[in-house]
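The chain contents come next:
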Amino acid sequence: PADTPAANPEAEDEPWMASPYSMSNYYFPDYEVNNCGFGRDYPAWMGINGYEKSYLFTVGSECCNRYFPNAGNCPFENTVQLDYFWTAYEDNIDNLEDMPILYNHTFYPDLNAHNCINGTDNPKWMEQNDEFKRLYLFKNHAGCCRKWFSDFDIDGCMNNIVQGIYNVEPCPLNRPDCNNVAT
């Protein structure tokens, strides 16, 4: 790999002179999908310490032939990223607008209602320690229903999601125009 040319002429100096995320889009091996991706969302380590010579490519077929020669539809993405990778879903949102609220769904059993509630308004004792959290708080509705209502009326639980309240972070002091509301 030492005699392999860099993906771009500036890549020789990137480990010393720049951050691991350049402003260029590259093809890179994406091991989560066993195919080559494209953009700026490659792992940071691929862009430093000389790794960019082996992991970042300007031509998709070079990445595919080296890392996934048997993969179909390689590379699996070709869309140029013009911003940071985490802002891809935030296109067309003005900087002064509130960001969308993304819920981390939490379900907990309500034994009186014979159902699982979707919300963070669970009794605080359910969060008292790690054992209680594992026993009472779930990331999906089906897991909660199976754990708590499988002996009786699991179908009733699975077919009826009760929406609770989500407590959201309060607005920061420097954003008087913020209007995050718990729903």
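Residues numbered from 1 in each chain as written. Predicted model: local features only at pLDDT ≥ 70, side-chain atom pairs only at ≥ 80, totals over all residues. Heavy atoms only, no water.

1. Describing the pattern of salt bridges
The tally for this structure, following the rule as stated, stands at one salt bridge. Residue Lys124 is joined to Glu127 by a salt bridge in which the shortest nitrogen-to-oxygen separation is 3.8 Å. For Glu127, a relative accessible area of 33% gives the class partly exposed. (Salt bridge = Lys/Arg side-chain N within 4 Å of Asp/Glu carboxyl O. Buried < 20%, exposed > 50% of the residue type's maximum accessible area, 1.4 Å probe, protein only.)

2. Focus on the state of the cysteines
Here the structure, examined in full by the defined rule, presents four disulfides. Paired by a disulfide, Cys36 and Cys63 hold their sulfur atoms 2.1 Å apart. As the torsion about the S-S bond is roughly -90 degrees, the Cys36-Cys63 disulfide counts as left-handed. With a gap of 27 residues between them, Cys36 in strand E2 (residues 35–39) and Cys63 in helix H3 (residues 60–67) connect regions that are remote in the sequence. A disulfide bridge connects Cys64 with Cys74, and the sulfur atoms are separated by 2.0 Å. (Disulfide = S-S within 2.5 Å. Helix = DSSP H or I, 4+ residues; strand = E, 2+ residues; numbered from the N terminus.)

3. Focus: helix H5 (residues 141–149)
Among the residues making up H5, those that are buried are His141, Gly143, Cys144, Cys145 and Phe149. Looking at the buried side of H5, the elements it contacts are strand E3 (107–110), strand E4 (115–118) and helix H6 (154–158). (Contact = heavy atoms within 4.5 Å.)

4. Structural notes on the confidence of the model for the protein chain
Confidence along the protein chain averages 76 in pLDDT terms, with 66% of residues attaining 70 or more. When mean pLDDT is compared element by element in the protein chain, H3 scores highest at 93, while helix H1 (residues 14–17) scores lowest at 45. Taken as a whole, residues 13–18 scores under 50 in pLDDT and shows nine contacts with residues more than four places along the chain or in a different chain. (pLDDT = per-residue confidence, 0-100.)

5. Observations concerning the packing of aromatic side chains
Each aromatic ring pair is described using two quantities: the centre-to-centre distance and the angle formed by the ring planes. By the definition in use, this model includes 14 aromatic pairs. Between Tyr55 and Tyr67 the ring centres are 5.5 Å apart and the planes differ by 20 degrees, which places this aromatic pair in the stacked class. With a gap of 12 residues between them, Tyr55 in helix H2 (residues 52–55) and Tyr67 in helix H3 connect regions that are remote in the sequence. Judged by relative accessible area, which is 21%, Tyr67 ranks as partly exposed. On the basis of an interplanar angle of 70 degrees and a centroid distance of 6.2 Å, the ring pair of Phe57 and Tyr67 is categorised as edge-to-face. (Phe/Tyr/Trp six-rings, centres within 6.5 Å; stacked < 30°, edge-to-face > 60°.)

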